[in-house]
Amino acid sequence: MNNVEGVSLVSEILGLLAFGVLLVGLYLVYLRRPNDIFIAKVLNKEEEEFTVMGAANTVQSRTVMLLKDNAQSVKVTVMDPTLFEKIKIGDEGWATTKGDLLISFEKN
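So, here is what we can say about the structure in this document. Model, not experiment: these values are computed from the prediction. (Residues numbered from 1 in each chain as written. Predicted model: local features only at pLDDT ≥ 70, side-chain atom pairs only at ≥ 80, totals over all residues. Heavy atoms only, no water.)

1. Overview of the nonpolar core
By size, the foremost hydrophobic cluster in this structure holds 14 residues, and its most contacted members are Val64, Leu66, Ala95, Leu102 and Phe105. Contributing elements (two or more residues each) for this core: strand E1 (35–51), strand E2 (58–68), strand E3 (73–77), helix H2 (81–86) and strand E5 (101–107). Here this core takes three residues from E1, the largest share from any one element. Setting aside anything within four residues of it in sequence, one finds Ala95 in contact with Asp36, Ile37, Phe38, Ala40, Leu66, Leu102, Ser104 and Phe105. (Core = buried A, V, L, I, M, F, W, Y, C linked by side-chain atoms within 4.5 Å. Buried < 20%, exposed > 50% of the residue type's maximum accessible area, 1.4 Å probe, protein only. Helix = DSSP H or I, 4+ residues; strand = E, 2+ residues; numbered from the N terminus. Contact = heavy atoms within 4.5 Å.)

2. A word on the environment of Asp36
Among the secondary structure elements, Asp36 is positioned in strand E1. Excluding its chain neighbours within four sequence positions, the residues that come into contact with Asp36 are Lys68, Ala95, Thr96 and Thr97. Within the local environment of Asp36, its side chain forms a polar contact with the side chain of Lys68, the two groups lying 3.2 Å apart. (Polar contact = N/O pair within 3.5 Å; in protein donor to acceptor, adjacent residues only side chain to side chain.)

3. A closer look at the packing of aromatic side chains
Under the criterion given, the structure shown has zero aromatic pairs. A cation over an aromatic ring shows up here: Lys45 above the ring of Phe84, its NZ or CZ 4.4 Å from the ring centre. The ring of Phe38 has Lys68 lying over it, and the distance from NZ or CZ to the ring centre is 4.7 Å. (Phe/Tyr/Trp six-rings, centres within 6.5 Å; stacked < 30°, edge-to-face > 60°. Lys NZ or Arg CZ within 6 Å of the ring centre and 35° of its normal.)

4. Remarks on the pattern of salt bridges
Inspection of every chain in the model, using the stated rule, returns four salt bridges. One salt bridge connects Glu47 with Arg62, and the closest N-O pair in it is separated by 3.4 Å. Of this pair, Glu47 sits in strand E1 while Arg62 sits in strand E2, and the two are 15 residues apart along the sequence. Arg62 sits in the buried class, given a relative accessible area of 12%. (Salt bridge = Lys/Arg side-chain N within 4 Å of Asp/Glu carboxyl O.)

What follows is the structure, given as structure tokens:
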């Protein structure tokens, strides 16, 4: 192995290590957020599809507007497509959020 291959291998390993540390850091920040559980009513659902970096790559954004039991409205992102389809406008139930993400919604 010559010197150029050794430097390339070391830089590749350092890059992977830095990426791993970044992922672990983001995961820990996510875990530090507490779950918020509250009674809510679904006010609105929005699903958008848009292209990113060319026509071949499409991204879907699913958001739900909830009315908390204390009359505060909250807009959350739903990552699970089946959960998004299960929720209907006007539904009432227990919502569990973590930051701006809807984790679960159990109808009353």
